[in-house]
Amino acid sequence: MSTILARILEKIERTRQQGRDPLIVFDLDGTIYNNAPRTLRILQEFAHQHAFEQPRLLNKIEQLAARDILYGVSDTLRSVGIDNESLLKQIQNFWFDRFFTNAYLLHDLPTEGAVEFVHRVYQAQAIPAYLTGRDAPNMLLGTIQTLQRDGFPVGTVDTRTILKPNFKIGDSAYKQSVVDHLRQAGDVVAVFDNEPGLCNLFLRAFPEAVVVRLDMPHAPNPESLLEDIIQIPHFAHLLRGQA
Ligand SMILES: [Mg+2]
């Protein structure tokens with residue numbers, strides 16, 4: 001039985017032979033990027049700036065590592081015993097004002113094997129299409145900067161970087177709206193996302209594509225995953241032929 005990577009490489013080659021562009025859609029947050037360090041940094045800033053009036057908070061936050069960060073900020077804080085509702089609200093607002101900004105994106109780090117995997121398919125002449133729920137007005141510059149810093153192919157004629165034009169558009173509505181454009185731009189041969197509902201959306205839109213869900217934190221109340229979607233812990237798993 002062939003591996004997922006072999007299946008994807010074969011689809012890339014076949015699409016090229018047909019004179020079409022093979023597109024591979026990569027979500028950013030929770031897929032090729034781990035944004036837990038971004039949240040951790042914001043919590044650390046709050047804790048340090050409020051150390052005098054909240055000494056216990058600083059002590060708790062100092063014990064946190066990126067791996068302890070849960071999807072919701074309040075969930076993370078409650079997990080270390082911070083449960084004062086007005087403090088939680090204050091920290092949530094502090095986080096919200098910073099998390100979706102260029103400056104804080106720089107704390108993100110690529111997930112395991114992501115850089116190598118994107119290069120592997122790029123060398124095989126696939127077109128990486130970074131498709132994210134981040135919004136261009138507030139997050140384009142930091143997105144490009146981190147992609148370039150970390151060695152992802154970006155900014156060239158054979159890559160795509162697609163952000164939302166406006167923060168207020170929902171991620172799911174936005175990704176659905178991009179589907180038709182992708183269809184005209186080439187053949188979507190594979191899609192990687194960490195949100196079960198978005199994986200389902202892409203499999204329905206591109207039934208021929210290999211759709212892979214990264215097993216990373218996701219939004220609450222997820223849809224159940226369609227049967228044909230492959231789940232992996234990280235990209236290194238695919239590079240090692242473990243799926
Ligand atoms: Mg995501």
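Residues numbered from 1 in each chain as written. Predicted model: local features only at pLDDT ≥ 70, side-chain atom pairs only at ≥ 80, totals over all residues. Heavy atoms only, no water.

Chemist: Would you mind going over the overall build of the protein chain in detail, with residue names and values included?
Modeler: For the protein chain, the helix and strand inventory stands at eleven helices and eight strands. Over its C-alpha atoms the protein chain spans a radius of gyration of 19 Å, differing by no more than 12% from the 18 Å that the globule rule assigns to 243 residues. Reported as C-alpha extents along the three principal axes, the dimensions of the protein chain are approximately 65 × 35 × 30 Å. The buried share of the protein chain, reckoned over its 243 residues, is 49%. Here the analysis covers contacts within the protein chain between residues at least 6 apart in sequence; of these, 70% occur between residues at least 24 apart. When the accessible surface of the protein chain is totalled, it reaches about 12000 Å², and 49% of it is carbon and sulfur. Of the charged side chains in the protein chain, 24 are positive and 29 negative, and the gap between their average positions amounts to 1 Å. (Helix = DSSP H or I, 4+ residues; strand = E, 2+ residues; numbered from the N terminus. Rg over C-alpha atoms; globule rule 2.2 N^0.38 Å. Buried < 20%, exposed > 50% of the residue type's maximum accessible area, 1.4 Å probe, protein only. Contact = heavy atoms within 4.5 Å. Areas by Shrake-Rupley, 256 points an atom, 1.4 Å probe, with all protein chains shown as cover. Lys, Arg positive; Asp, Glu negative; His and termini not counted. Charge placed at Lys NZ, Arg CZ, Asp CG, Glu CD.)

Chemist: Any details on helix α2 (residues 36-49)? Residues and values, ideally.
Modeler: Over its 14 residues, α2 extends 20 Å from the first C-alpha to the last, a length consistent with the 20 Å expected when each residue adds 1.5 Å. With ten of 14 residues buried, α2 lies mostly within the body of the structure. Those residues of α2 not exposed but buried are Ala36, Pro37, Arg38, Thr39, Leu40, Ile42, Leu43, Glu45, Phe46 and Ala47. (Expected span 1.5 Å × (residues − 1).)

Chemist: Give a detailed account of the nonpolar core, specifying residues and quantitative values.
Modeler: One finds Ile8, Ile24, Phe26, Ile32 and Phe192 to be the most contacted residues of the largest nonpolar core, which totals 31 residues. Those elements that place two or more of their residues in this core are α1 (4-17), β1 (22-26), α7 (114-123), β6 (187-193), β7 (210-214), β8 (230-232) and α11 (235-239). Excluding its chain neighbours within four sequence positions, the residues that come into contact with Phe26 are Ile32, Phe117, Val118, Val121, Pro128, Ala129, Tyr130, Leu131, Phe192 and Phe235. In this structure, Phe46, Ile69, Val73 and Phe94 belong to the second largest nonpolar core, which totals 22 residues. (Core = buried A, V, L, I, M, F, W, Y, C linked by side-chain atoms within 4.5 Å.)

Chemist: Run through the coordination of the magnesium ion, naming residues and quoting values.
Modeler: All of the protein donors around the magnesium ion are Asp27 (OD), Asp29 (O) and Asn194 (OD1); their distances to the metal are 2.1 Å. Counting along the primary sequence, the residues that act as donors to the magnesium ion give the motif D-x1-D-x164-N. With Asp27 in the loop between β1 and β2 (33-34) and Asn194 in the loop between β6 and α10 (196-205), this residue pair connects regions lying 167 residues apart in the sequence. Given the relative accessible area of 5%, Asp27 is considered buried. You can call Asn194 buried: its relative accessible area is 4%. (Donors = N, O, S within 2.8 Å, 3.2 Å for Na, K, Ca; no water.)

Chemist: Could you give an account of the domain arrangement of the protein chain, naming the residues involved and the relevant values?
Modeler: Interfaces are frequently sized by the accessible area removed from exposure as the parts join. What the domain assignment lists for the protein chain is domain 1 (4-34 + 110-239) and domain 2 (36-105). Relative placement of domain 1 and domain 2: their C-alpha centres are 29 Å apart. With 17 residues of domain 1 in contact, the opposing surface of domain 2 contributes ten residues. Roughly 1000 Å² is buried in total at the junction of domain 1 and domain 2, and carbon and sulfur atoms are behind 60% of that figure. Our count for the contact surface shared by domain 1 and domain 2 stands at one salt bridge. For Arg38, the salt bridge identified is with Asp29, shortest N-O distance 2.7 Å. There are six residue pairs in polar contact (both at pLDDT 80 or more) connecting domain 1 and domain 2. Contributions of two or more residues to the side of domain 1 that touches domain 2 are made by β4 (127-135) and α8 (136-149). With seven residues, α8 is the largest single contributor of residues to the side of domain 1 that touches domain 2. (Domains from an automatic or database assignment. Buried area = accessible area lost by both parts, 1.4 Å probe. Salt bridge = Lys/Arg side-chain N within 4 Å of Asp/Glu carboxyl O. Polar contact = N/O pair within 3.5 Å; in protein donor to acceptor, adjacent residues only side chain to side chain.)

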